[in-house]
Amino acid sequence: MSLITSVINCRFQLGSYTVDRTDPQAGRYCEAVTDLTAALELDPTYAWALGTRGQAHQQAGRYDQAVTNYTAALEINPTYAWVLASRSQAHRQAGHREEARTDVEQATETHPADLGCAFEKLMLETVEGRFETFREQWRQLLTSSVSPQDEPGASYLRLFRALLIDPGNGVPEATAGVLATHPGDGDIADVVRYLTELSVLEGGVGERARQCHGLIVGPRASS
């Protein structure tokens, strides 16, 4: 598993399964939900399908349904770190900060080595205005090494480093790198959600997030 898959979980990829079967730019994940529901009708205890259906709902902005699916998956398999981190993200993006913190604290406590859980913890601290306090933890996370063959993962790390800890790298260049290695809209659907959260912040991080958001979303909105 690549580092970025761990850091951002498998959400950037929902992956090839959901992204390839939907139109994420229009928020249409119906086919994925239909297929996953069919799988669950055959096996209601299929925790992976519940978690992945939760991701499909989340990327479509249906946070309540996402949380319901994540919760059901965790009831079957409480060891799913990526599902717990995903539920924390869904709560946070829905504005339910208290629930998000409960989940992410549990996730980092029970899965201390999971980089996806660490990423969501740092995102929560950042959107709640504590970026400077956790800057060094961000640096440690985002300067982790990836496989030389994992250029898509490396491009994501470069982007978040440019946004958060090393603006000298250049947001336009880092954004172009992500777009070049992930040409499909679905591949970057989740990074756009992170950018939306970061864009409301004051200071350099918010400015860079807004710049990156415009570079990604602008061309797609006009296409």
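This one's a predicted model, so the numbers in the text were calculated from it and none came from an experiment. (Residues numbered from 1 in each chain as written. Predicted model: local features only at pLDDT ≥ 70, side-chain atom pairs only at ≥ 80, totals over all residues. Heavy atoms only, no water.)

## A word on the overall build of the chain
Looking only at helices and strands, one finds 13 helices and zero strands in the chain. When each of the 223 residues of the chain is scored for burial, the buried share is 51%. As displayed, the chain has an accessible area near 9900 Å², and 52% of this comes from carbon and sulfur atoms. (Helix = DSSP H or I, 4+ residues; strand = E, 2+ residues; numbered from the N terminus. Buried < 20%, exposed > 50% of the residue type's maximum accessible area, 1.4 Å probe, protein only. Areas by Shrake-Rupley, 256 points an atom, 1.4 Å probe, with all protein chains shown as cover.)

## Comments concerning the packing of helix H4 (residues 47–59) against helix H5 (residues 63–76)
Taken N-terminus to C-terminus, the directions of H4 and H5 make an angle of 165°; their axes are 8 Å apart at the nearest point. One element, H4, and the other, H5, form an angle in the roughly antiparallel class. Classified by chirality, the crossing of H5 by H4 is left-handed. For the pair H4 and H5, the contacting residues are Ala-47, Leu-50, Gly-51, Arg-53, Gly-54, Gln-55, His-57 and Gln-58 in the first and Tyr-63, Gln-65, Ala-66, Asn-69, Tyr-70, Ala-72, Ala-73 and Ile-76 in the second. Across the contact of H4 with H5, the residue classes tally to eight nonpolar, seven polar and one charged. (Axes fitted to C-alpha atoms, helices over the stretch in contact; angles between N-to-C directions. Parallel < 35°, antiparallel > 145°, perpendicular 65-115°, else oblique. Left-handed = near helix turned anticlockwise from the far one by under 90°. Contact = heavy atoms within 4.5 Å. Nonpolar A, V, L, I, M, F, W, Y, C, P; charged D, E, K, R; others polar.)

## Regarding the packing of aromatic side chains
A complete count under the given rule lists six aromatic pairs for this structure. Seen from their ring centres, Tyr-80 and Trp-82 are 5.5 Å apart, and the 50° between their planes marks the pair as tilted. According to the relative accessible area criterion, Trp-82 is buried, its value standing at 12%. On the numbers, 5.3 Å between centres and 85° between planes, the contact of Phe-119 with Trp-138 is edge-to-face. Of the two residues, Phe-119 is situated in helix H8 (residues 115–127) and Trp-138 in helix H9 (residues 135–142); the sequence distance between them amounts to 19 residues. Pair check on accessibility: Phe-119 and Trp-138 agree, each one buried. An aromatic cluster is present here, built from Phe-119, Trp-138, Phe-160 and Tyr-194 joined pairwise through their rings. (Phe/Tyr/Trp six-rings, centres within 6.5 Å; stacked < 30°, edge-to-face > 60°.)

## Overview of the side chain of Ser-155
By the element assignment, Ser-155 lies in helix H10 (residues 151–164). In this structure Ser-155 comes out as buried when scored by relative accessible area, which is 0%. Looking at Ser-155, its side chain comes within polar contact range of the side chain of Thr-181, at 3.0 Å. Filtering out sequence-adjacent residues up to four positions away, Ser-155 remains in contact with Gly-177, Val-178, Thr-181 and His-182. (Polar contact = N/O pair within 3.5 Å; in protein donor to acceptor, adjacent residues only side chain to side chain.)

## Some remarks on the confidence of the model for the chain
Scored by pLDDT, the chain has a mean of 83; 81% of the residues are at 70 or more. The lowest-confidence element of the chain is helix H1 (residues 3–7), averaging 34 in pLDDT; the highest-confidence one is H5, averaging 97. Under a pLDDT of 50 for its full length, residues 1–27 has, in the predicted model, 79 contacts with residues more than four places off or in other chains. (pLDDT = per-residue confidence, 0-100.)

## Re H4
Helix length check: H4, at 13 residues, gives a terminal C-alpha distance of 19 Å against a target of 18 Å (1.5 Å per residue), a fit within 8%. Most of H4 sits inside the fold, with twelve of its 13 residues counted as buried. Of the residues making up H4, those classed as buried are Ala-47, Ala-49, Leu-50, Gly-51, Thr-52, Arg-53, Gly-54, Gln-55, Ala-56, His-57, Gln-58 and Gln-59. After H4 finishes, the residue Gly-61 shows a positive phi value of roughly 85°. (Expected span 1.5 Å × (residues − 1).)

## Here we look at the side chain of Gln-58
Among the structural elements, Gln-58 can be located in helix H4. With a relative accessible area of 1%, Gln-58 lands in the buried category. Beyond its immediate stretch of four places on either side in the chain, Gln-58 contacts Tyr-63, Ala-66, Tyr-70, Ser-86, Gln-89, Ala-90, Gln-93 and Arg-193.

## Quick look at the packing of helix H7 (residues 97–110) against H8
Put simply, H7 and H8 touch, their axes get as near as 9 Å, and they point 145° apart. In this structure, H7 crosses over H8, and the sense of that crossing is left-handed. Residues Arg-97, Ala-100, Arg-101, Val-104, Glu-105, Ala-107 and Thr-108 of H7 pack against Cys-117, Ala-118, Glu-120, Lys-121, Leu-124, Glu-125 and Val-127 of H8. Class assignment of the residues belonging to the contact of H7 with H8 gives a composition of seven nonpolar, one polar and six charged.

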